[in-house]
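What the coordinates show
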Amino acid sequence: MTFPTLVQLPSYDDVEVVVPAPDSGPGNWAGAASAVLVDGVFWLTWRVRRPLTDGRGVTVVVARSDDGVSFEPVTQVHRDTFGAESFERPVLVPVPGLGWRLYLSCATPGSKHWWVDSLTAPTVEELPMGHQQVVLAGDAHTAVKDPVVTFGDDGWEMWLCCHPLDEAGQEDRMTTRRLTSDDGLAWTDRGEVLAGRPGEWDARGARVAAVLPGSPLTVLYDGRADAASNWYEQTGVARWDGTRLVPEDLAPIASPHSDGAFRYAAAVALPDGRTRFYVESARPDGAHDLVTCVR
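Attention shifts here to the sheet that holds strand β12 (residues 175–181). Pairing within the open sheet is antiparallel, and its 4 strands lie in the order β10-β11-β12-β13. With one partner strand each, in any of the chains shown, β10 (142–152) and β13 (187–194) form the two edges of the open sheet. Pairwise comparison of adjacent strand axes, ignoring direction, gives a mean angle of 25° for this sheet. Relative to β12, strand β11 (residues 155–164) runs antiparallel, the two being bridged by 7 bridges. Residue pairing across strands places Cys161 opposite Thr176, the latter belonging to β12.

Here it is, written out as structure tokens:
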């Protein structure tokens, strides 16, 4: 099924670097970000990652900005607080009546397993000392990570990346499941809604990255063709058909540099009707910067 593309999409054209990679060369990445606009302030959270030999995902940073481009760090969380071997995508969400919640993707040491943890506090500054609670533990068969979390009149909704652990050496495969919740902590699994398509650019897996403003429900998702492209995902578009997310028949959006990665997009609706995107994007030396553009 093919849909007409009615939404503006991010691309590498005219991007600005928001957070540069922590160092030069492959494996040094700033990204896997999420962002929200609350009372005129942009809040951005991202993980800082180094190569496998230098510690992988080490910290999660939360920062604020008045213009969406120049950010001032407010607080950070270290993986050791959670006994995690690595961090991946964090999500920052305002929680009515409570303050703020930071969801964290945590790697179980010595395994391919991941779980989703959380911190809740009255202010962003207090998050490192906030209430900690495991949100989704995963199990022996499935690693869970990289949630996309939204809150609205209908309650909480999550798009969760799942990696099967049933076949050694093939754990990079990924699908997306949809979950709902009344409080953002206890979740009900509504089933798989997005998976890779055999023979297509996303054959190895598909992970929802961002829910776009407007209707019908449209998302950006990360995909890749094979295991060798792990960590170098590119961005596709899919729309909700009432039961599943159906990918558009479009070429993926990529960086023109090095490994081509253009992944973990986040989308923030602006008051003027446009959308500010944040994306982890490859640069010529193989490192990944966190970049932004407005469409």
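As a further point, take the layout of surface pockets. Computed from the structure, the largest pocket encloses a volume of approximately 620 Å³. As for the largest pocket, its lining consists of 26 residues, and the residues nearest its centre are Ala35, Val36, Val149, Thr150 and Ala267. Elements represented by at least two residues in the lining of the largest pocket include exactly β2 (29–38), β6 (91–95), β10, β14 (205–211) and β18 (262–269). Residue composition of the lining of the largest pocket, grouped by class: 22 nonpolar, 3 polar and 1 charged. Roughly 450 Å³ of volume is contained in the second largest pocket. Along the wall of the second largest pocket there are 23 residues; nearest its centre are Arg56, Lys112, Trp114, Asn230 and Trp231. Class assignment of the residues belonging to the lining of the second largest pocket gives a composition of 5 nonpolar, 7 polar and 11 charged.

Our next topic: the side chain of Glu171. In this fold, Glu171 is placed in the loop between β11 and β12. Despite its burial, Glu171 pairs with no opposite charge, the nearest such side chain being Lys112 at 5.1 Å. Engagement of the side chain of Glu171 in a polar contact is seen with the backbone nitrogen of Gly169, the distance being 3.1 Å. Ignoring sequence-local partners within four residues, the contact set of Glu171 consists of Lys112, His163, Pro164 and Leu165.

What counts, and at which threshold
Residues numbered from 1 in each chain as written. Predicted model: local features only at pLDDT ≥ 70, side-chain atom pairs only at ≥ 80, totals over all residues. Heavy atoms only, no water. Pairing = 2+ DSSP bridges. Helix = DSSP H or I, 4+ residues; strand = E, 2+ residues; numbered from the N terminus. Axes fitted to C-alpha atoms, helices over the stretch in contact; angles between N-to-C directions. 1 Å grid on protein atoms, 1.4 Å probe; cavity = no way out; pocket = protein on both sides within 12 Å on 5 of 7 lines; lining within 4 Å. Points joined across faces, edges and corners; volume = space filled by probe spheres on them. Nonpolar A, V, L, I, M, F, W, Y, C, P; charged D, E, K, R; others polar. Buried < 20%, exposed > 50% of the residue type's maximum accessible area, 1.4 Å probe, protein only. Lys, Arg positive; Asp, Glu negative; His and termini not counted. Salt bridge = Lys/Arg side-chain N within 4 Å of Asp/Glu carboxyl O. Polar contact = N/O pair within 3.5 Å; in protein donor to acceptor, adjacent residues only side chain to side chain. Contact = heavy atoms within 4.5 Å.

Don't take any of this as a statement about function, it's just geometry.
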